[in-house]
Amino acid sequence: MSEFPRHSGSKLGFLTWLRHVKLSRLVIVIFVVFICIFLIVHHLLSDLAPVGESPAGHRSRLKLDHYNEDERLFTAPNLSDEIRKLSKIKASVNNELRDMESKRQTLQTQIMKYQMELERLHSVRETLEREIKLTKLNLDQLKIQKEELDEKYVPILRAPEKILLGQETDLEMLPPKSSSGCQMFSCFDYSRCSLLSRFPVFVYDFQQQKILPPMERFINSSVMSALKKSPYISSDPTKACAFIVVIGQFQDSNTVSTRDINNFLHNLPYWHGDGRNHILINMMRNYKSTDLFANVKTDRAVIVQSTYLDTHFRNKFDIVMPPSLGSADGDVWEELPLVSPIRRKYFLSFWGQYKGIIAQNSAKIEGVEKTSQDFSENDLLSNIESAIVSSLKDIKIADSNEIYTQFSCDSVAPGAINGEWSMCGTDTQRKEILVQSTFSLIIAPSNISYISSTVFQLRLYESLKFGAIPVVLGDYAQLPYDEVVDWKEAAIILPKARASEFYFILRTYTDNNIAAMRLKGRFIFETYFSTTLKIIDTVLAILRTRLSIPAVPVQDVPSLSVFNDSFSPLVLEGFEVNPETDETLGPVESPFPSMIFKENFTQFQSYQAWNKMGQAFNLFPYDAEEKVLPSEAKYFGSGFGFRPIGKGWGGAGKEFSEALGGNLAREQFTIVLLTYKREQVLIGAVQRLKGLPFLNKVIVVWNNPAPPGPQIRWPEIGVPIKVLKMEKNSLNNRFLPFSSIETEAILSVDDDAHLRHDEIVFGFRVWREERDRIVGFPGRYHAWDAQNKMWYYNANYSCELSMVLTGAAFFHKNYAYLYTHFMPQAIREKVDEYINCEDIAMNFLVSHVTRKPPIKVTSRWTFRCPGCPETLSSDIEHFTERHKCINFFVQVYGYMPLLYTQYRVDSVLFKTRLPVEKQKCFKFI
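Since we're looking at a predicted model, the values are computed, not measured.

Q: Give me helix α19 (residues 825–834): which residues, what numbers.
A: Since there are 3.6 residues in each turn of an α-helix, residues three or four apart along the chain are aligned in direction. Taken as a whole, α19 has its buried residues at Ala826, Ile827, Arg828, Lys830, Val831 and Tyr834. The inward-facing, buried residues of α19 abut α18 (813–822), α20 (838–850) and α21 (876–893). Phi turns positive one or two residues past the end of α19, at isoleucine 835, with a value near 50°.

Right under this line is the structure:
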């Protein structure tokens, strides 16, 4: 083989050499070259094998991928494909690198933007912190200015002026020349009774007095018990506004002389010569009661008793009290007959025997000197008694089946004065007649030297107790507490000259008139007459009102948390709640309490609004302006009275939705959730409240004796959640007036009730227009079974209702006070007995107080509760107990207070859709 030309780079020389070389040699050279290339590539690929992978394994994989296992042949096309694959991989890697570099540059740009935004936010934060500090400084300055202005413009308040002689209260004074002209402004020392004193009263220990004989045992124990329960009693006589002396009724009144009573009174340590600010109580328990102070020098002391001579009674100063014939304290509903039937067996009844004829020449009447003019008047009244008897006999002849009259009796009750109709028979015999009488005739004594007598007060007491409307002939007689009780609402008072016409007047009274008067009479008896405690409370309330001193407020129930001070409940984070509506429901604001009621002394505004409220129970001792006006307003709020005018938006849309409506621009409500051993259901119910407008606070009434588990996570919903510990498991706990409830509106909700936000807000809007009613969602009604003579509870769909269940309803906080403190205890005990019926009890209470039915909102009759266990309402026993509850509550109230309504409030704003079959049942607004 010839050598290569020296000038191999020359193209011509290479071609010349190629023409002279042999073909076989050329093939061998090419083959060797390919073998060398293959070995070089194989070596290079072996060096590129992944870390940790053995060359043998890599070679095996190459063998499987690039040449045949059996023939072990390698061809040039396989090598080209491999090279192309490697090129593609390289290109792909390059593209990915370029993409990653582009993304890296983009991320760096975003990071720079975020860093700039973070720096801007830091700057804004610093600015806001400076503004907050400046605002706090301005607020502190404004507070200081406000305090200065308050001090500058504070009303001048000094001790009341002394209206009595003497510079010091403890100096003894000469008694007045005549005590018959005493009035509060002339005989009572106001300087001891500041408006802010809270009416402190000191009670003499009448068990230690030795001058007078011992008092009747019941009077002794019951009066002392009643005084101990009064919030006005003070043990410090130096700070007392009034001094109470209980001086009767004695066990043996015949042994009490006028001298003994005079000595006893004038030896009292704080009598100070004239008895100013002393209250002398002569409690009547039986027929032996007389005017104990007829000839006693009581000076400037206020006398409280049942029997008065006209020459000794000082109007608007002394107090006529009813007899204490009932128990010391407690409910008396079991002793009272039902209000129905309205018209009883006897339309009118009277049973009595006239005692003697007043002699014209007698020098004394019951130990009191009278003039001849007085005798002439008594003779005239005696003649009128004959006319009354004649009229009653004529009436008896005309309506013998409806009139019960007897003018003589076999057994005469003692205690009647001359010129008075004595009481006949026993207490049981008189009761049998009165419970069958629509009206009861009471004839005032013809002896006008008495403006109130023992028998007269006893007749009035029995008539009110047994539901016979009193018909008083003799408008000169003094009725108990007449300066504050409107007796025309419960009794018919006529002059004796109308004796021949009063029966015609009675016949004009309709069933509605009779029912209203009987209800009012029952209220007066239960509130002011029924027990010794009620009598004493009323006397103190009258005196306090005369002095214009506000009542001590009813106390809230303390809100005791189930968590220890050292324990912090776990917080549930990261949950979202679907409000189930796209409507604008209103702004979500920070919690704020309801307006504080400051009208402690302006009583006229709240009188009309609270008059019916006071008629329900002993909310106030005697009239609407009493205890309804507390000295601290947070428990009664603004009541149901007048409100400042809010801003009305009108129109429609977002502005209208955000304006809550009503006459108060801003207001919130508190949700009270009752739960027992259903933690997960409770947490779900609380979660759904997140973002609810106008919500102030959530109160969880934890009825489970065991505290919540430490693993429970409580959701953050934007408002405080208070989990309160209960002393016992009771459904009555849901209506306790907790101190943590700072709003007038309460939404009572069961933990398994599923309410949408729009439904809650709409219900709140409706409640603001009807603040004295229950406004809620599930409606129920009661029905009378004429065959079985009993009431039934019904939960079926109907076109009318009489109850709205408090498992989802708004009500005023005032009803929580009434339910807890003033509703008969027997009702709360029945709720605990059945563990049921608390919602029915609240409906009875509100309807009894307002004489209005509740208001149902939206068309839903039941509520969704996904995942809840079987409820009590599906149990037959549950309905049986509710039937029993309704009939028991009727017995306690004496009548059925629930009222039917076909009225329901639906909202056009929230687009409520009704089934066709229900649209005919309801009215709309």
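Q: Which residues make up the sheet that holds strand β25 (residues 803–804), and what are the values?
A: On the basis of which strands lie adjacent, the open sheet formed by three strands has the order β24-β23-β25 and antiparallel pairing. Of all the strands in the sheet, just β24 (790–794) and β25 have a single pairing partner and so form its edges. Note that strand β23 (residues 779–785) and β24 share five bridges and pair antiparallel. Paired with tryptophan 784 across the bridge in β24 is tryptophan 791. In the packing of α21 onto the sheet, contacts are made with β23, β24 and β25, and the angle to β24 comes to roughly 135°.

Q: Could you give me a rundown of the environment of valine 857, with the residues and numbers involved?
A: By secondary structure assignment, the location of valine 857 is in strand β27 (residues 855–857). Since its relative accessible area comes to 0%, valine 857 is described here as buried. As a C-alpha pair, valine 857 and aspartate 906 span 49 residues in sequence and 5.8 Å in three-dimensional space. Not counting residues up to four positions away in its chain, the partners in contact with valine 857 are Phe762, Gly763, Val766, Val775, Gly776, Phe777, Arg904 and Val905.

Q: So what's going on with empty space enclosed by the protein? Which residues, and what values?
A: What the rule picks out here adds up to eleven cavities of 30 Å³ or more. Roughly 150 Å³ of volume is contained in the largest cavity. Taken together, 14 residues form the lining of the largest cavity, with Trp351, Arg430, Leu434, Ser440 and Arg459 sitting closest to its centre. Residue assignment for the lining of the largest cavity shows that the elements contributing at least two residues are β7 (346–354), α9 (427–434), β12 (437–443) and α10 (454–465). Taken together, the residues of the lining of the largest cavity sort by class into eight nonpolar, three polar and three charged. Along the walls of the second largest cavity sit Ile671, Leu673, Ala685, Arg688, Leu689, Leu747, Val749, Asp750, Ala753, Leu755 and Ile760, which together make up its complete lining. Among the secondary structure elements, those contributing two or more residues to the lining of the second largest cavity are β17 (669–675) and β21 (745–750). No other element matches β21, which puts three residues into the lining of the second largest cavity.

Q: Describe the packing of helix α6 (residues 217–229) against helix α13 (residues 532–546), naming the residues involved and giving the relevant values.
A: Between α6 and α13, the least distance of the axes is 9 Å, while the angle of their chain directions is 55°. The pairing of α6 with α13 is recorded here as oblique in orientation. Crossing angle aside, the handedness with which α6 passes α13 is right-handed. Every residue of α13 that contacts α6 at Phe218, Ser222, Val223, Ala226, Leu227 and Lys229 is listed here: Thr532, Leu533 and Ile536. When the residues that make up the contact of α6 with α13 are grouped by side-chain class, the tally is six nonpolar, two polar and one charged.

Q: Describe the state of the cysteines, listing the residues and the values that go with them.
A: Scanning the model with the defined rule gives four disulfides in all. Linked covalently through their sulfurs, cysteine 193 and cysteine 241 form a disulfide whose S-S length is 1.7 Å. Judged by the sign of its S-S torsion, about 95°, the bond between cysteine 193 and cysteine 241 is right-handed. With cysteine 193 in the loop between α5 (184–187) and β1 (201–203) and cysteine 241 in the loop between α6 and β2 (242–248), the pair connects residues that are 48 residues apart, well separated along the chain. Each disulfide pairs two cysteine sulfurs, and for cysteine 409 the partner residue is cysteine 424, the sulfurs being separated by 2.0 Å. Between cysteine 409 and cysteine 424, the S-S dihedral sits near -60°, and the bridge is therefore left-handed. In this pair, cysteine 409 is assigned in the loop between β10 (403–406) and β11 (421–423) and cysteine 424 in the loop between β11 and α9, connecting sequence segments 15 residues apart.

Q: Please provide a residue-by-residue account of the pairing of strand β18 (residues 695–702), values included.
A: Of all eight residues making up β18, eight are buried, and the element is well covered by its neighbours. Across seven bridges, the pairing between β17 and β18 is parallel. Note on β18: the bridge partner recorded for phenylalanine 669 is leucine 695. Handedness of the β17-helix α16 (residues 679–687)-β18 crossover: right-handed.

About the criteria used
- Along each chain, residue indices are assigned from 1 in the same order as the chain's sequence is written.
- At least 70 in pLDDT is required for a residue's local features to be given in this predicted model, at least 80 for side-chain atom pairs to be given and counted, and no such filter applies to totals for whole chains, interfaces and linings, which use all residues.
- Computation of side-chain values covers all heavy atoms of the structure but excludes hydrogens and water.
- For every residue, the accessible area (1.4 Å probe, protein chains only) is compared with the maximum for its type, and the residue is labelled buried under 20%, exposed over 50%, or partly exposed between those bounds.
- Segments assigned H or I by DSSP are reported as helices when at least four residues long, segments assigned E as strands when at least two residues long, and all are numbered from the N terminus.
- Pairs of residues are marked as contacts when any of their non-hydrogen atoms sit within 4.5 Å.
- Here, strands pair whenever DSSP counts at least two bridges between them.
- Angles shown run from 0 to 180 degrees and are taken between the N-to-C directions of axes, each axis being a line fitted to C-alpha atoms and, for helices, limited to the stretch in contact.
- With a 1 Å grid laid over protein atoms only, a set of points is called a cavity when a 1.4 Å probe fits there but cannot get out and a pocket when it is open yet has protein on both sides within 12 Å along at least five of seven lines; lining residues have an atom within 4 Å of a point.
- Grid points are joined across faces, edges and corners, and a volume is the space filled by probe spheres set on the points.
- Any residue that is not Ala, Val, Leu, Ile, Met, Phe, Trp, Tyr, Cys, Pro, Asp, Glu, Lys or Arg is counted as polar, Gly included; the first ten are nonpolar and the last four charged.
- What sets the label is the angle itself: under 35 degrees gives roughly parallel, over 145 gives roughly antiparallel, 65 to 115 gives roughly perpendicular, and the rest give oblique.
- Crossings are assigned a handedness: left-handed for a near helix turned anticlockwise from the far helix by less than a right angle, right-handed for a clockwise turn.
- In what follows, a disulfide is any cysteine sulfur pair within 2.5 Å.
- With strands facing away from the observer, any crossover in which the path from the first strand over the helix to the second runs clockwise is taken as right-handed.

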